Structures are given as C-alpha cells and as structure tokens.
Amino acid sequence: MNLLRKEDVMASHIIYQDSYLYCAHAQSLQPNPQTANTSIYEAMAIYYNILGHKRVLIEGSIYTLRPGELFILNESEAFIVYEDAEEPSEYLQLVFSRYVFRHLDPDFSLLSRFTHRALGESNVIRLDDRQNALFSACLKHIEQNRNRPDLRISFLGILMIFINEINISNWYCAPSTDSDGQKIIAYINENLQVNLTNESVARHFYMSESQFCRYFKRLTGTTLTNYVNKKRVNLARDLLRNNVKIKDVVTICGFHDYTTFYKHNIKYYKM
C-alpha cells in the first residue's frame, strides 16, 4: 500500500517510510504558497506545525494554523496547506494506516478522534507547553535514530504518544465554514456511486455549471473530477483489502468497470 503519491513524498525530508507508516520533517526558509496542492490520502494523518503561520483548507473549512498547533485527518479527507511566504516554515507530518493498529486495537477505538467527526470539522488542536515539549523531544529522538534498524519500533511508540495526547486534548480552533459548501461536500461524499458531473451537481444545487466549478475549486482547491476519482479509488482500495469482490467494488465506488478503476489506481498510486 502506498500511503502517498510520488509528488507528496518528494516535497519533504523523509525520516521513515514503509507500507503503513510515513514520517517527514520539512523546513523552509522561503516557503512558496503558489506550490500548494490539494491532497487526499488513503490513510490518517497528523500535521504538527512547528514554525510559521499557515492557512489550511480541509473539506471546505478554513483554519488558521499557528506554531504549536496541529491538525488531524481521517482517511480520504481532502486538504490543502497555504504557507505564509513572509516567514520560515517547519512542520512534522505523520501519515499512517489504521491497519497498523489492527491487532492492538481491533475496533480502532483509539482513533475515534480521527473517525468520529464530520468532514472538515474539529481538525485543529492547540497543544499546551507540556505537549509541545513532548512533541519536540519525540521529533529529536526519531531524527537522531533515523538510521537505526529498529526505527520502526521507535516511530510506532512515538505515534502512540501523539495519538494519546490528541485524545486527551480539547478541540481548539473553530473553522470558518460555509453552510452551502458543507451541503455540497456532504452530498458528493454520500453519492460517490452515482455519475457525478459538474452539470449534475450544479443542477442539484440550482447553480450554473460555471458558477459551481468556481465555487467547488474555492471549497476544495481542486476540481470535482479529481476530488471524486481520488475518493472513489481510496474507497475501492479499502474494500479490496477487506475482501469485497472486485465486481461489487466497481459498483459500490461508482466505476463503470474494472478497467476504469485500474486506470485511476495507476494514475494516483503508480501501481
């Protein structure tokens, strides 16, 4: 399983990566906000902001991310991060499949903060001084031990610490949301199995097609086609891991046939 696309991986300094886990530490003295792209991972993620102010767009919700704050993502939650070009930037990114916990936590109750949310809601958390010191110490530890053969064990331990701290933290940052936008996002995600086009969705919400295209790009940072196809591929891959037959998968996920799914899987995951 590839957690990230090739272009996502190339953007950061990778500390650790395998089929289920990915950790990167990124630093930049001159961020370029023009290079920001919408990402939709098939895994969960923690993005810990160390330095620099950022604007984060998650499923139509807009957050301001300050140093010492983090945001979390459930599987297939679309997001885009805009950096302030006037200040340096540093962050830690942890991406992980829920299946890494399947033996320790079969019902995935440890991940309830990630899963028991509506899309784009309650994503950002402010850490207190103790937690920031703990996260900084964890980052230093994995940086110092990045060449050790047992780094995976250290990384799993640190990931568990992060998840525990997230579970005991209070939600902090309320997003700036658009109720009409939330309805559109919800409608699309609830109807991935049907033929969703700019024209059909625009008509459903009594908008012109051009008006809808502009509005959706502002909501998500990407096009409807890219958004829907990536969500469908992620859903299909998860169903296949759970032994759902391929003929049922292509129907459930809105693909016309296996070939269409195959082509999109190659496009997004290079495999």
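Everything numeric here is computed off the predicted structure, so don't read it as measured data. (Residues numbered from 1 in each chain as written. Predicted model: local features only at pLDDT ≥ 70, side-chain atom pairs only at ≥ 80, totals over all residues. Heavy atoms only, no water.)

A. Structural context of the environment of Gly254. Here Gly254 lies in the loop between α9 (246-252) and α10 (258-269). Of the residues examined, Gly254 reaches a relative accessible area of 15% and is grouped as buried. Counting along the chain gives 198 residues from Gly254 to Val56, while the straight-line C-alpha distance between them is 29 Å. Leaving out residues up to four positions away in the same chain, Gly254 has contacts with Leu192, Gln193 and Arg232. (Helix = DSSP H or I, 4+ residues; strand = E, 2+ residues; numbered from the N terminus. Buried < 20%, exposed > 50% of the residue type's maximum accessible area, 1.4 Å probe, protein only. Contact = heavy atoms within 4.5 Å.)

B. The pattern of salt bridges, seen in detail. If you walk through the whole model with that rule in mind, you get 13 salt bridges. In this structure, the salt-bridge partner of Arg152 is Asp18, at a minimum N-O distance of 2.5 Å. Remark: Asp18 occurs in the loop between β1 (13-17) and β2 (21-28) and Arg152 occurs in helix α4 (residues 151-168); sequence separation between them is 134 residues. Classification of Arg152 as partly exposed rests on a relative accessible area of 31%. Classification of Asp18 as partly exposed rests on a relative accessible area of 22%. A salt bridge links Glu165 to Arg130, with the shortest nitrogen-to-oxygen separation between them at 2.6 Å. Of the two residues, Glu165 is situated in helix α4 and Arg130 in helix α3 (residues 129-144); the sequence distance between them amounts to 35 residues. (Salt bridge = Lys/Arg side-chain N within 4 Å of Asp/Glu carboxyl O.)

C. Up close: unusual backbone geometry. A positive phi angle is found at Glu59, which is not glycine, with a value near 50°. When you line up the elements, Glu59 lands in the loop between β4 (54-58) and β5 (61-65). Overall, the relative accessible area of 3% leaves Glu59 in the buried class. With phi around 55°, Tyr206 is a residue other than glycine that occupies positive phi space. Along the polypeptide, Tyr206 turns up in the loop between α6 (198-204) and α7 (209-220). According to the relative accessible area criterion, Tyr206 is exposed, its value standing at 79%.

D. Region of interest: the nonpolar core. Formed by 30 residues in total, the largest nonpolar core has its most connected members in Ile46, Leu70, Phe96 and Phe114. When contributions to this core are tallied by element, the ones reaching two or more residues are β1, β2, β3 (44-51), β6 (69-73), β8 (89-96), α3 and α4. Here this core gets seven residues from one element, more than from any other, and that element is α4. By size, the runner-up hydrophobic cluster in this structure holds 18 residues, among which are Tyr41, Ala45, Phe71 and Leu73. (Core = buried A, V, L, I, M, F, W, Y, C linked by side-chain atoms within 4.5 Å.)

E. Structural view of α3. Given a rise of 1.5 Å per residue, 16 residues ought to cover 22 Å, and the 23 Å separating the end C-alpha atoms of α3 matches this to within 8%. If you check which residues of α3 are buried, you get Gln131, Asn132, Phe135, Cys138, Leu139 and Ile142. With its buried residues spanning 125° around the axis, α3 presents them on a single face. Of the residues in α3, the exposed ones pointing more than 90 degrees away from the buried face are Asp129, Lys140 and Gln144. Where α3 begins, the side chain of Asp128 points an oxygen toward the backbone nitrogen of Arg130, at a separation of 3.2 Å. (Expected span 1.5 Å × (residues − 1). Arc of directions from axis to C-beta. Polar contact = N/O pair within 3.5 Å; in protein donor to acceptor, adjacent residues only side chain to side chain.)

F. Structural context of the sheet that holds β4. Read from one edge to the other, the open sheet built from three strands follows the order β5-β4-β7, with strand pairing classed as antiparallel. The two strands at the open ends of the sheet, each matched to only one other strand, are β5 and β7 (79-83). Within the sheet, the average angular offset between the axes of one strand and its neighbour, ignoring direction, is 20°. Summarising the sheet, β4 and β7 pair through five bridges and their orientation is antiparallel. (Pairing = 2+ DSSP bridges. Axes fitted to C-alpha atoms, helices over the stretch in contact; angles between N-to-C directions.)

G. The arrangement of the environment of Leu65 in detail. Its place among the elements puts Leu65 in strand β5. Since its relative accessible area comes to 0%, Leu65 is described here as buried. Counting along the chain gives 24 residues from Leu65 to Ser89, while the straight-line C-alpha distance between them is 12 Å.

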